[in-house]
Amino acid sequence: MRLSPAPALDPSLAGSLVLLHLAVVAGGLALLASASVSASGLESVRCRLQGTPRPPAFSQDGDFVIGGVFSIHYYLNTLDHSYTSLPEPLQCTGRMDSRELRFSRAMVFAVEEINNSSDLLPGVTLGYQVYDSCSSVPMAVKVAVQLANGLDPMFDTGEQCSGSATVTAIVGESASTPTISMLRIIGPFGIPQVSHFSTCACLSDKKQYPTFFRTIPSDQFQAAALANLIRHFGWTWIGAVRSDSDYGNNGMAAFLQAAQEEGICVEYSEAFSRTNPLSRVQWVADVIRSSTAQVVVAFVASGDMRILLEEMERLPSPPRQWIGSETWVTDPDMLRFRLFAGAIGFGIQRSVIPGLRDFLLDLSPQKVSNSPLLTEFWEGAFGCRLRTGTSSTGVGVEEKVCDGSEDIQQLQTPYTDTSQLRVTNMVYKAVYAIAHAIHSIVCEERENSTVKCNKNLNVKPTQVLERLRRVNFSRNGYQVSFDANGDPVATYELVNWQIRESGNMEFVTVGRYDASLPPDQRFDMEREITWVKNSTQVPVSVCSESCPPGTRKAVQKGKPVCCYDCIQCADGEISNNTDSSDCLICPEEYWPNAERDLCILKPVEFLSFHEVLGIILTACSVVGACLAIATATVFYRHRTSAIVRANNSELSFLLLFSLALCFLCSLTFIGRPSEWSCMLRHTAFGITFVLCISCVLGKTIVVLMAFRATLPGSNVMKWFGPPQQRLTVVSFTFVQALICTLWLVLSPPFPIKNLTTYKEKIILECDVGSAIGFWAVLGYIGLLSLLCFVLAFLARKLPDNFNEAKFITFSMLIFCAVWITFIPAYVSSPGKLTVAVEIFAIITSSFGLFFLLFVPKCFIILFRPEKNTKKHLMEKTSNDKRY
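Residues numbered from 1 in each chain as written. Predicted model: local features only at pLDDT ≥ 70, side-chain atom pairs only at ≥ 80, totals over all residues. Heavy atoms only, no water.

### Brief notes about the overall build of the protein
Turning to step 1, where the next piece is worked out: Secondary structure assignment for the protein yields 24 helices and 31 strands.
Turning to step 2, where the next piece is worked out: Here the protein holds 883 residues, and 51% of them are scored as buried.
Turning to step 3, where the next piece is worked out: Once local pairs closer than 6 in sequence are excluded, the contacts in the protein between residues at least 24 apart make up 68%.
Turning to step 4, where the next piece is worked out: As presented, the protein carries roughly 40900 Å² of accessible surface, and 56% of it is formed by carbon and sulfur atoms. (Helix = DSSP H or I, 4+ residues; strand = E, 2+ residues; numbered from the N terminus. Buried < 20%, exposed > 50% of the residue type's maximum accessible area, 1.4 Å probe, protein only. Contact = heavy atoms within 4.5 Å. Areas by Shrake-Rupley, 256 points an atom, 1.4 Å probe, with all protein chains shown as cover.)

### Observations concerning helix α5 (residues 219-232)
Residues spaced three or four apart along an α-helix point in a common direction, a consequence of the helix completing one turn every 3.6 residues.
Turning to step 1, where the next piece is worked out: Relative to the 20 Å expected for 14 residues at 1.5 Å per residue, α5 spans 19 Å between its end C-alpha atoms, a close match to the ideal helical length.
Turning to step 2, where the next piece is worked out: Residues of α5 that are buried: D219, Q222, A223, A225, L226, A227, L229 and I230.
Turning to step 3, where the next piece is worked out: One or two positions beyond α5, positive phi appears at G234, with a value near 75°. (Expected span 1.5 Å × (residues − 1).)

### Considerations on the pattern of salt bridges
Turning to step 1, where the next piece is worked out: Following the criterion strictly, the structure yields 22 salt bridges and no others.
Turning to step 2, where the next piece is worked out: Residue R289 is joined to D286 by a salt bridge in which the shortest nitrogen-to-oxygen separation is 2.7 Å. You can see R289 and its partner D286 sitting in helix α7 (residues 278-290), three residues apart, about one turn around the helix.
Turning to step 3, where the next piece is worked out: Since its relative accessible area comes to 12%, R289 is described here as buried.
Turning to step 4, where the next piece is worked out: In this structure, R469 engages E466 in a salt bridge whose closest nitrogen and oxygen atoms are separated by 2.9 Å.
Turning to step 5, where the next piece is worked out: When salt bridges with common partners are traced through the structure, they connect R95, R99, R306, E310, D331, D333 and R336 into a single cluster. (Salt bridge = Lys/Arg side-chain N within 4 Å of Asp/Glu carboxyl O.)

### Concerning the sheet that holds strand β29 (residues 604-605)
Turning to step 1, where the next piece is worked out: With mixed pairing, the three strands of this open sheet are ordered in space as β29-β31-β30. Because the sheet does not close on itself, it has two edges, and the strands there are β29 and β30 (750-754).
Turning to step 2, where the next piece is worked out: When β29 meets strand β31 (residues 762-767), the two strands line up parallel, connected through two bridges. When the bridges of β31 are listed, E605 appears paired with I763. (Pairing = 2+ DSSP bridges.)

### Focus: the sheet that holds strand β15 (residues 344-348)
Turning to step 1, where the next piece is worked out: Taking strand neighbours across the sheet as the criterion, the eight strands line up as β12-β11-β13-β14-β15-β20-β21-β22 in an open arrangement whose pairing is mixed. Each end of this open sheet is capped by a strand with a single partner; those strands are β12 (265-272) and β22 (523-525). For this sheet, the mean angle separating the axes of adjacent strands, direction not counted, is 30°.
Turning to step 2, where the next piece is worked out: Where strand β20 (residues 491-499) and strand β21 (residues 505-514) come together, nine bridges link them in antiparallel fashion. By the bridge assignment, T491 is partnered in β21 with D514.
Turning to step 3, where the next piece is worked out: Across the face of the sheet, helix α8 (residues 302-314) comes into contact with β11 (237-243), β12, β13 (295-299) and β14 (321-324) while running at roughly 175° to β14. (Axes fitted to C-alpha atoms, helices over the stretch in contact; angles between N-to-C directions.)

### Quick look at the packing of helix α15 (residues 612-637) against helix α23 (residues 855-863)
Turning to step 1, where the next piece is worked out: Contact geometry for α15 and α23: axes closest at 11 Å, N-to-C directions at 50°. Looking at the two axes, α15 sits oblique to α23. Read as a crossing pair, α15 and α23 show a hand that is left-handed. Contacts between α15 and α23 involve T631, V634 and F635 from the former and K857, C858, I861 and L862 from the latter.
Turning to step 2, where the next piece is worked out: Broken down by class, the residue content of the contact of α15 with α23 amounts to five nonpolar, one polar and one charged. (Parallel < 35°, antiparallel > 145°, perpendicular 65-115°, else oblique. Left-handed = near helix turned anticlockwise from the far one by under 90°. Nonpolar A, V, L, I, M, F, W, Y, C, P; charged D, E, K, R; others polar.)

### Some details on the nonpolar core
Soluble globular proteins: nonpolar side chains tend toward being buried together.
Turning to step 1, where the next piece is worked out: Counting 103 residues, the largest nonpolar core has L121 and F255 as the members making the most contacts within it.
Turning to step 2, where the next piece is worked out: A total of 14 residues in this core trace back to one element, the largest contributor, which is helix α13 (residues 423-442).
Turning to step 3, where the next piece is worked out: Ranked by size, the runner-up nonpolar core spans 63 residues in total, among them V644, Y780, C788 and I839. (Core = buried A, V, L, I, M, F, W, Y, C linked by side-chain atoms within 4.5 Å.)

### Structural notes on the packing of aromatic side chains
Turning to step 1, where the next piece is worked out: This model, assessed by the stated rule, comprises 29 aromatic pairs.
Turning to step 2, where the next piece is worked out: Here the aromatic rings of Y247 and F299 are separated by 5.5 Å at their centres, their planes lie at 55°, and the arrangement is tilted. With Y247 in helix α6 (residues 246-261) and F299 in strand β13, this residue pair connects regions lying 52 residues apart in the sequence.
Turning to step 3, where the next piece is worked out: Y247 sits in the buried class, given a relative accessible area of 6%.
Turning to step 4, where the next piece is worked out: Arranged with centres 4.8 Å apart and planes meeting at 50°, the rings of F377 and Y415 form a pair that is tilted. Within this pair, whereas F377 is found in helix α12 (residues 372-382), its partner Y415 is found in the loop between α12 and α13, the two being separated by 38 residues in sequence.
Turning to step 5, where the next piece is worked out: For F377, a relative accessible area of 6% corresponds to the buried category.
Turning to step 6, where the next piece is worked out: By the ring-pair criterion, three or more aromatic residues cluster together here, those being F635, F663, F847, F850, F851 and F854.
Turning to step 7, where the next piece is worked out: Looking at R105, its charged tip hangs above the ring of F58, at a distance of 5.7 Å from the centre. (Phe/Tyr/Trp six-rings, centres within 6.5 Å; stacked < 30°, edge-to-face > 60°. Lys NZ or Arg CZ within 6 Å of the ring centre and 35° of its normal.)

### Observations regarding the confidence of the model for the protein
Turning to step 1, where the next piece is worked out: Residues of the protein with pLDDT of at least 70 account for 86%, and the chain-wide mean is 83.
Turning to step 2, where the next piece is worked out: Scored below 50 in pLDDT, residues 1-44 makes 78 contacts in the model with residues more than four places away or belonging to other chains.
Turning to step 3, where the next piece is worked out: Across residues 876-883 the pLDDT falls below 50, and counting only partners more than four positions away or on other chains, this stretch makes eight contacts in the model. (pLDDT = per-residue confidence, 0-100.)

### Re the state of the cysteines
Turning to step 1, where the next piece is worked out: If you walk through the whole model with that rule in mind, you get ten disulfides.
Turning to step 2, where the next piece is worked out: There is no disulfide at C692, and the cysteine sulfur nearest it, in C662, is 4.7 Å away.
Turning to step 3, where the next piece is worked out: Residue classification places C692 among the buried residues on the basis of a relative accessible area of 0%.
Turning to step 4, where the next piece is worked out: Among the cysteines around C695, which has no disulfide bond, C692 carries the closest sulfur, lying 6.8 Å off.
Turning to step 5, where the next piece is worked out: The exposure class of C695 is buried, given its relative accessible area of 0%. (Disulfide = S-S within 2.5 Å.)

### A word on helix α14 (residues 461-468)
Turning to step 1, where the next piece is worked out: Residues of α14 that are buried: P461, V464, L465 and L468. Taken down its axis, α14 places every buried residue within 105° of arc, on the same side.
Turning to step 2, where the next piece is worked out: Looking at the packing, one finds that the buried side of α14 touches β8 (169-171), β9 (193-195), β10 (212-214) and α13. (Arc of directions from axis to C-beta.)

Next up, the structure:
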């Protein structure tokens, strides 16, 4: 096209000329003004069309005209421009979409139904101009400018340009990208556009597209619905393909964002278009075939999807579960791809439009021949030509001529299929929405309930635009209204491709989705889904298998968060849910079970009377006490015998009593620790052992004093007689009792739960309270033992047979060895073994004293009575020269 030269214009026209120039360059039809300007300004403007107008596919005059734009053909004929002559008119080419033809015919049906209505626009005739955009932006722009300017190429009559559009509103387009292009042209003129199939969420932006409305929900709702659907079936690892267009790119972006919020990962996201080279489509198909994701989400336009499915059928891939957007998943033409049975997706609600099927099938050869578009459809459907010569489909003269026997009633095409009226109803509602908007402008209700309409009223598109925002009506049971963004309430049906018993593949509604309901009520399953390969088992599509309770997910390096390894929870941690990201730390007194999915109370451990070790130690303690009592009984019965009298019977009985207490005090260390048992065990142990050592020390001093008394002139025994012996024992014991009393008053032992020695169990034990008090008690015992050992060592070589010093020396040696080794063993032994070590030291040292000090005497008393005489005891050793 070229622009006619124009004289200088008033600056107020400059902006309009720039916009019109852009429209011409885009391939559209524009009005340019040539003006003659006098000194006083602009006197007259004459308008002339630039370029060749495109005739509508269907048209009808009326008082108010509605435009319609549909993607009836798939391609636009591509031409090389030489820029030296006017380009050829734009022409559609390629296959016809009979479903889109049904959409356009549904618009014609709706207009005629309104014209015959006595309630809506009575006495007013609506006209229409329906165009084919060829699914392309250039043709959509051309049609948009043409709808705004009019058709008549003859304006060179001196008439002034009116500046008003020839249509009050436009229905269409079927795709988002051409719709956006049209809005850039007609939007500034305030012409409302109501789309039946443009779902791009971007079109809800009223700042960019203030004149746009739609009767189909936005992809924003569909994207959220698809993400909810995928999450509902537990798919976390999916593939994604999209049309490389505003519809595909924006829809997929919204879906990916919703999927991310649902924790869904995408292995790949590929874009393509039917205008791409075949190699690009093959590349996308190969990506799908080689992927590990079993579920593929396709946000693809019908024309693009058809090409992809054809490529997938050419070289079949492993079974994939297809999830489709409403554009292709309810397209009847797709049902021929039987390999993809089991596909699911959201579609517009199925509806019923009374009378539409009869209207669509009311096509006689004569009526068809009057429309080039219907002629092309007829010839393509029946494989014949209506006229001699070349048919509209480009078939030569050899093709057979239609003879009138063709029966459209028997034709099985998307055009004649009215069992799945989904998007068709969106066209129907769009026409009625525009009609209701015009009705509210030109009609008023009289007092007698009659409606009077003024068809001569000059209705501007901006008035229709304003009234469309307030439209709210019901038609055939379906509510029609628009929100602030020009969108309707989002309701979908979940559609499943199922092969029926007849062998035909059909659309089956298996669920519903209503975005107006609360989130937990939006999705409703109504019947069982048939999945890929005609299976009733839900496919599994995950990058990694679910981590069972007791484990946590660890993301694999360099991969999405859905690809992870299952790591067992660490000690002290659990996870009680599947696919836990983190393990939970059990409370302090709890520990995981073997499966690490539940925190259970830690077992409480202490040295019990019922366990083997406790029974053995108890038995040893009781046996020791019984032996001490039995020995005391023997000594009492033979108290007048020489050996008993010679060994200081009073201290011997006291020593046996203290040994019995030493044996028995070990029992306080066994059993569940309590506040009283903790205080008793250490103090009883400390006092009884000091009493025992004090008695031994007294006996050692008596031995030394006795030998000193045998020396001539010595009266030392009167200074260490029985009273002094008793005082020595009481004094030494009193000191230990004083230490224990201070210990109990200042910082007594107390029971504690030891949670640090073992992580998996609780050790009940006694804390010594004051470490100084504890070691003071042991230290005092050790001091007395050392003193006793030294004295006994000094008296070990005294000659007479009644001399006990050597036995005392060995007993103290054993006693000291036991308690010296006790210290490191006590410190290093864990848990209840600490108590066992202490009991073992008490019993061992007690038995050492008992066996060395009393067993030899008992043996003589019971088995060698001949030696239990004063004469035998007074015998001197043969090697002693002093006596």
